[in-house]
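# Overview (structure and organization)
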Amino acid sequence: MGDYEHSTTVAAEPDALFRYLSDVHNLPDYFAAMREAEPTGSAATGDVPGGAEEVHVVAEVDGERKEGEAWFDSDPALRSLRWGSEGPNAYHGELSVNAAAEGSEVTVTLHTEHVDGDRIRSGLEHTLAEIKRNVEGTTNPG
């Protein structure tokens, strides 16, 4: 069980970067295991933040296709995203974008009951590297 956090700096204007990251359709571009993410048009139910939307996701985890519902909440004023899914690992996370001297600082925090800390840290590092690669390789991330 644990909480994990990792940050990186991205050469992009914070609001434009947040617009890119908060578009549900872009999630598979930077979350390595995610293959598809589509809003269902429904408000999320259960123990989730108010205003969160339900998202149908398809991921590949340990070589196995996983499909299910997750929740996704975006707060443009704070440039913050929160997400999670129901299941045995109590998986949820947050991503924040803040102004930095050379663009933006992106921080990803993840909570899970899953115990493979090295793999989770590696996944966070990969996610941030993909964000950096995708955004810095384009002139307009939003």
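Residues numbered from 1 in each chain as written. Predicted model: local features only at pLDDT ≥ 70, side-chain atom pairs only at ≥ 80, totals over all residues. Heavy atoms only, no water.

A word on unusual backbone geometry. Although it is not a glycine, R79 adopts a positive phi angle of roughly 50°. As for its placement among the helices and strands, R79 is situated in the loop between strand 4 (64–75) and strand 5 (80–85). Of the residues examined, R79 reaches a relative accessible area of 19% and is grouped as buried. (Helix = DSSP H or I, 4+ residues; strand = E, 2+ residues; numbered from the N terminus. Buried < 20%, exposed > 50% of the residue type's maximum accessible area, 1.4 Å probe, protein only.)

So, about the side chain of T127. One can find T127 in helix 3 (residues 117–136). With residues up to four places along the chain from it excluded, the contact list for T127 reads Y30, F31 and A32. (Contact = heavy atoms within 4.5 Å.)

Across the interface, helix 1 (residues 14–22) lies against helix 3 with an axial gap of 12 Å and an inter-helix angle of 115°. As helix 1 packs across helix 3, the resulting crossing turns out to be right-handed. Contacts between helix 1 and helix 3 pair L17, Y20 and L21 from the former with I131, N134 and V135 from the latter. Among the residues making up the contact of helix 1 with helix 3, the classes are represented as 5 nonpolar, 1 polar and no charged. (Axes fitted to C-alpha atoms, helices over the stretch in contact; angles between N-to-C directions. Left-handed = near helix turned anticlockwise from the far one by under 90°. Nonpolar A, V, L, I, M, F, W, Y, C, P; charged D, E, K, R; others polar.)

This paragraph deals with the side chain of T8. In this fold, T8 is placed in strand 1 (residues 2–10). You can call T8 buried: its relative accessible area is 19%. Not counting chain neighbours up to four residues away, the residues in contact with T8 comprise S104, E105, V106, L128 and K132.

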